[in-house]
Amino acid sequence: MSLFPTIRHRRLRYNPIIRDMVRETVLTKNDLIYPLFVVPGSKIKNPVKSMPGVFQMSIDNIVEECKEVRDLGIPAIILFGIPEHKDEIGSEAYHSDGIIQRAIKSIKNEIKDLVVITDVCMCEYTSHGHCGVLKGEEILNDETVELLAKEALSHAQAGADIVAPSDMMDGRVAAIRKILDENGFNKIPIMSYAAKYASGFYGPFREAAESTPAFGDRRSHQMDIGNINEAIREVEEDIKEGADIVMVKPAGPYLDVIREVKQRFGMPTAAYQVSGEYSMIKAAGINGWIDEERVMVESVFAIKRAGADLILTYFAKDLAKWIDKTRK
Ligand code: PBG
């Protein structure tokens, strides 16, 4: 039997102040991580065509950008590097004077109160655009893990606050934890891209990071789009290997995975609202087909509501401004 008219759900919706009081999900600046793309050179700010509002920047401009991000109250950035030279084994990924290592040092020299996270992967650094060492067309797991560990260590040595392996090789979290601990970096957390799907939503990122594979795809290491039990096993393994924060990626199309991971493990859980998710909202907004700000906010609320504690998003600056505007 209906409880109406005793129960009227609309009572708490008539007044905007009451609506805010009973809103169950709250977005704060502390939830946000802003991705940045570093390129060699100086005074460079190249627009990424498929991601309006996103730029590849040289280190000088990255430092200025980081100041703006910090001043907006965003606590953290994640850095992706596009090296001067790519080769078969992605040497610049773990070179002490590589693009990321130099960027970290410059940021840390000038800005103390910003958490610098680094993406640990080979795909931006290899001439073939694959995430590891190749034998023929196969990506070798164990050989790649060794290089990833060296890469993570070089990031920590340059001053990174958190390292974030995004490659999906097996065993890399344990290898990274081991090499960090052996070298005096036992305080550096690992944020692992634990459940990362082989997704079409990464398309625009590969323009930004210049990391499109020369042949084939990433399906031999990234997860199949139909699987959730496997995501749980991936996350469980990474936690056992020492991950401090676990990530689900992409975010919007995988809200069920975010929810399951958060409920099951209760770990600090990150979700990456990836390039394609951003570009679709931007494109529809620019065309006047949707209200971009509203949809941006709604898309990120969905990710938070599903259970994410941290959200990596190209909208981070716009969201910080939105938070300032709505908190009168
Ligand atoms: C790999 C990496 C990728 C993204 C983050 N780290 C690309 C890939 O796996 O092909 C995608 C992020 C995005 O689409 O915004 N280094």
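Coordinates for the structure precede this section.
Residues numbered from 1 in each chain as written. Predicted model: local features only at pLDDT ≥ 70, side-chain atom pairs only at ≥ 80, totals over all residues. Heavy atoms only, no water.

## Side note on the site of the ligand
Phase 1: Lining the immediate surroundings of the ligand are 17 residues, of which Lys196, Arg206, Lys249, Ser275 and Tyr314 lie closest.
Phase 2: At 2.7 Å from an oxygen atom of the ligand is found a side-chain nitrogen or oxygen belonging to Lys196.
Phase 3: One of the side-chain N or O atoms of Tyr314 is found 2.6 Å from an oxygen atom in the ligand.
Phase 4: Contact with the protein chains removes 100% of the 410 Å² of surface that the ligand exposes when unbound.
Phase 5: For the shell around the ligand, the class distribution of residues is eight nonpolar, three polar and six charged. (Near = heavy atom within 4 Å. Polar contact = N/O pair within 3.5 Å; in protein donor to acceptor, adjacent residues only side chain to side chain. Areas by Shrake-Rupley, 256 points an atom, 1.4 Å probe, with all protein chains shown as cover. Nonpolar A, V, L, I, M, F, W, Y, C, P; charged D, E, K, R; others polar.)

## Details of the side chain of Glu92
Phase 1: Topologically, Glu92 is positioned in the loop between strand 4 (76–81) and helix 3 (99–110).
Phase 2: The side chain of Glu92 is buried and forms no salt bridge, while Arg102, the nearest opposite charge, is found at 4.5 Å.
Phase 3: Separated by 3.3 Å, the side chain of Glu92 and the backbone nitrogen of His85 make a polar contact.
Phase 4: A distance of 3.2 Å separates a polar atom in the side chain of Glu92 from the backbone nitrogen of Ile99. (Helix = DSSP H or I, 4+ residues; strand = E, 2+ residues; numbered from the N terminus. Buried < 20%, exposed > 50% of the residue type's maximum accessible area, 1.4 Å probe, protein only. Lys, Arg positive; Asp, Glu negative; His and termini not counted. Salt bridge = Lys/Arg side-chain N within 4 Å of Asp/Glu carboxyl O.)

## Looking at the pattern of salt bridges
Phase 1: Taken as a whole and judged by the stated rule, the model has 19 salt bridges.
Phase 2: Across the pair Arg177 and Asp244 runs a salt bridge whose closest N-O atoms are separated by 3.8 Å. One end of the pair, Arg177, is in helix 5 (residues 172–182); the other, Asp244, is in the loop between helix 7 (229–241) and strand 10 (245–249), with 67 residues separating them in the sequence.
Phase 3: We note a salt bridge from Glu260 to Arg264, for which the minimum N-O separation is 3.0 Å. Within this pair, Glu260 and its partner Arg264 are both found in helix 8 (residues 255–265), separated by four residues, close to a single helical turn.
Phase 4: Note on Glu260: relative accessible area 27%, which makes it partly exposed.
Phase 5: A cluster of three or more residues bridged by salt bridges with shared partners is formed by Glu64, Lys67 and Glu110.

The values are spatial; any link to function lies outside them.
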